[in-house]
Amino acid sequence: MKLWRRLVCYARRRSPWLFHMNSGSCNGCDIELVAALTPRYDCEQLGVRLEGSPRHADILCITGPVTKNAVGAIRTVYGQVCGPKAVVAIGSCPATTNVFIDSRTLDGPLQKHVPVDVFVPGCPPRPDAIIQGVAKAAAILAERGMNPAETALAIATPTRGVDSFTEERP
Amino acid sequence: MNLITALARLLIFPGLLFAIPAAWFFLWVERKSVALMQGRVGPPFMQPFFDFVKLLSKTTPPRSGIAGALMRSWPLIALAAAAGAVGLLPVLPSSGGFEGDLILLLALLELPSMCIIAAGFSSRSIFGEIGSAREAALSVSYNIVFLLAILSIAASQHTFRLDALAALPSSPLRLLGILAIIVCLPAKLHLNPFSLPNAEQEIYAGPMTEYAGPELAMWELSHGLEWVAATGLVATLLAPHLGAWWLAALVFIALSFAIVLLLSAVAAATARLAIDTSVRFYWQCTLIFAVLAISSALFMRYRL
């Protein structure tokens, strides 16, 4: 049983699957995330795969300063990612709302709505920084696997419906 | 053949004990060779295994009722069918029983694709339904060519037993049939020119959109086993008849590997075709060769 747990932790660190979500970004960070998959940076060496469906993903990568329209979508998608999961905020926008601060169309920063594990600052951040952030998030996932209490918590989160999650975080 | 040999074939070689690592290996070869052709380094050797273990340890969303039970059972049926198809391959010389029965093998090879169609519809996701509809349209078009090619091989050699077919010397007609089968394989394995059913950036993950965790792991594994079974079918038809069992096994593995490389090269070099182009490709371009093959097979059969 202990061996299986160690194997699972190792596998989690070696196979982070990403789901990319844009919450009103200017597309600058989005193309940098895609650049991380290209031959020059090639993050598939770390086992990273950009998945089409949030159900398949381990790590939710969110770009953009969180517009009011995007809040519902972020909560829904966060609920759809199955546990254990981690969130990476890519760029300065989701961390601080950046130059758009005090805009009436925003409801940021991201941490108001979902728990963020890794921030990758920059406007936009370089692909190497994004890869480092994803690798850190994968290590956090593996650590969650080592700690049974945290695993239980992480497993409990997605099994609750999306609505109950939004009730918990008004 | 007694029960112990049959079980050994189903569970050891070419059954599960060989087929599951081979499935992971083929999935890795596909990803790695595509990466190399794109000038990347690609995933590490153990990647499909790590993906599998990680998916097993993830949670699944709660599913209730009959729809939930169906959704959980489709990947298991697909996995069982693909594993059975691999177990039926007559790699080793002596045989008997069900082994090498071409009709059963074709049915088992077709079952995963049926399960994918059903899974997409029972997931009730709009992307899954579109993916399933595409898979159904594609399956109708490539299966005609696939079945006609296999029929032409069987009709020219007067047998529906794969082991008897493998033992017979190859003829130009048979090579034509094998070529038609290879043309159908990218569509059967959802590889690039015909990767419509799971087209990313269009319909997310197609029929798999709602699947997560262990269920998705079962789909990945059954996809890998489909790789082993489909390339193994071509390899048994291509392989020369050899006396020594270890030589037969070695040639089988080498030929399967070569076919995986060929299919990956095609996948890396091509872009995804639209549904009408794919269907037209099979119905207009490839069907002619299949009809030619089967008509000449029947002609030769009555002439002889």
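Residues numbered from 1 in each chain as written. Chains lettered and ligands numbered in written order. Predicted model: local features only at pLDDT ≥ 70, side-chain atom pairs only at ≥ 80, totals over all residues. Heavy atoms only, no water.

The secondary structure content of chain B amounts to 11 helices and zero strands. In chain B, the succession of α and β elements from N to C terminus is α-α-α-α-α-α-α-α-α-α-α. Dimensions of chain B, computed from the C-alpha atoms along their principal axes, are close to 60 × 45 × 45 Å. Sequence-distant contacts, at least 24 apart, represent 79% of the contacts inside chain B between residues at least 6 apart. Just so you have it, chain B exposes about 12,700 Å², and 75% of that area is on carbon and sulfur atoms. Across chain B, the mean location of the 17 positive side-chain charges is 4 Å away from that of the 15 negative side-chain charges. (Helix = DSSP H or I, 4+ residues; strand = E, 2+ residues; numbered from the N terminus. Contact = heavy atoms within 4.5 Å. Areas by Shrake-Rupley, 256 points an atom, 1.4 Å probe, with all protein chains shown as cover. Lys, Arg positive; Asp, Glu negative; His and termini not counted. Charge placed at Lys NZ, Arg CZ, Asp CG, Glu CD.)

What follows is about unusual backbone geometry. In most cases, non-glycine residues show a negative phi, while peptide bonds are predominantly trans. Here the bond from A:Cys123 into A:Pro124 is cis, since omega is -5°, no more than 30 degrees from zero. Relative to the helices and strands, A:Pro124 resides in the loop between β5 (118-120) and α5 (127-146). The phi torsion at B:Arg124 lies on the positive side, around 60°, for a residue other than glycine. Along the chain, the position of B:Arg124 falls in the loop between α5 (102-122) and α6 (126-157).

Okay, helix α2 (residues 28-35) of chain A next. Most of α2(A) is tucked away, with six of its eight residues classed as buried. Where α2(A) is concerned, the buried positions are A:Gly28, A:Cys29, A:Asp30, A:Glu32, A:Leu33 and A:Ala35. (Buried < 20%, exposed > 50% of the residue type's maximum accessible area, 1.4 Å probe, protein only.)

Averaged over every residue, the pLDDT of chain B is 83; the share at 70 or more is 94%. Taking the mean pLDDT of every element in chain B, the minimum, 73, falls on helix α7 (residues 162-167) of chain B and the maximum, 92, on helix α3 (residues 47-56) of chain B. (pLDDT = per-residue confidence, 0-100.)

Right, let's talk about the interface of chain B and chain A for a bit. With 33 residues of chain B at the interface, the matching set in chain A holds 31 residues. Together chain B and chain A conceal approximately 2,700 Å² of surface at their shared face, both sides included; 57% is due to carbon and sulfur atoms. The salt bridge involving A:Glu44 is made with B:Arg40; its shortest N-O contact spans 2.5 Å. For the pair chain B and chain A, the interface holds 19 residue pairs in polar contact (both at pLDDT 80 or more). If you list the elements that add at least two residues to the side of chain B that touches chain A, you get α2 (16-37), α3 and α9 (213-238) of chain B. (Buried area = accessible area lost by both parts, 1.4 Å probe. Salt bridge = Lys/Arg side-chain N within 4 Å of Asp/Glu carboxyl O. Polar contact = N/O pair within 3.5 Å; in protein donor to acceptor, adjacent residues only side chain to side chain.)

Take the pairing of strand β1 (residues 17-22) of chain A next. Residues and elements named next belong to chain A. When β1 meets strand β2 (residues 49-50), the two strands line up parallel, connected through two bridges. In the strand pairing of β2, tryptophan 17 is matched with arginine 49. Taking the sense of rotation as the criterion, the β-α-β connection linking β1, α2 and β2 turns out right-handed. Across five bridges, the pairing between β1 and strand β3 (residues 59-63) is parallel. Pairing of asparagine 22 across the sheet is with threonine 63, part of β3. (Pairing = 2+ DSSP bridges. Right-handed = clockwise from strand over helix to strand, strands pointing away.)

On to the environment of B:Ser132. All names here are of chain B. Looking at the secondary structure, you find serine 132 in helix α6. Classification of serine 132 as buried rests on a relative accessible area of 0%. Note: C-alpha distance between serine 132 and methionine 208 (76 residues apart in sequence) is 9.5 Å. For serine 132, the contacting residues outside a window of four places in its chain are Ile116, Ile117, Gly120, Phe121 and Pro207.

Considering the arrangement of structural elements, one finds B:Thr209 in the loop between α8 (172-188) and α9. Among residues more than four places away in sequence, those in contact with B:Thr209 are A:Ser53, A:Arg55, A:His56, B:Ser125, B:Phe127, B:Gly128, B:Ile203 and B:Tyr204.

To continue, consider the sheet that holds strand β4 (residues 86-90) of chain A. Residue and element names in this part refer to chain A. Taken in spatial order, the five strands of this open sheet run β2-β1-β3-β4-β5, and their pairing is parallel. Each edge of the sheet is formed by a strand with only one pairing partner; in this case those strands are β2 and β5. Note that β3 and β4 share five bridges and pair parallel. Looking across to β4, one finds that threonine 63 is bridged to isoleucine 90. Docked against the sheet, α2 engages β1, β3 and β4, running at close to 160° with respect to β1. (Axes fitted to C-alpha atoms, helices over the stretch in contact; angles between N-to-C directions.)

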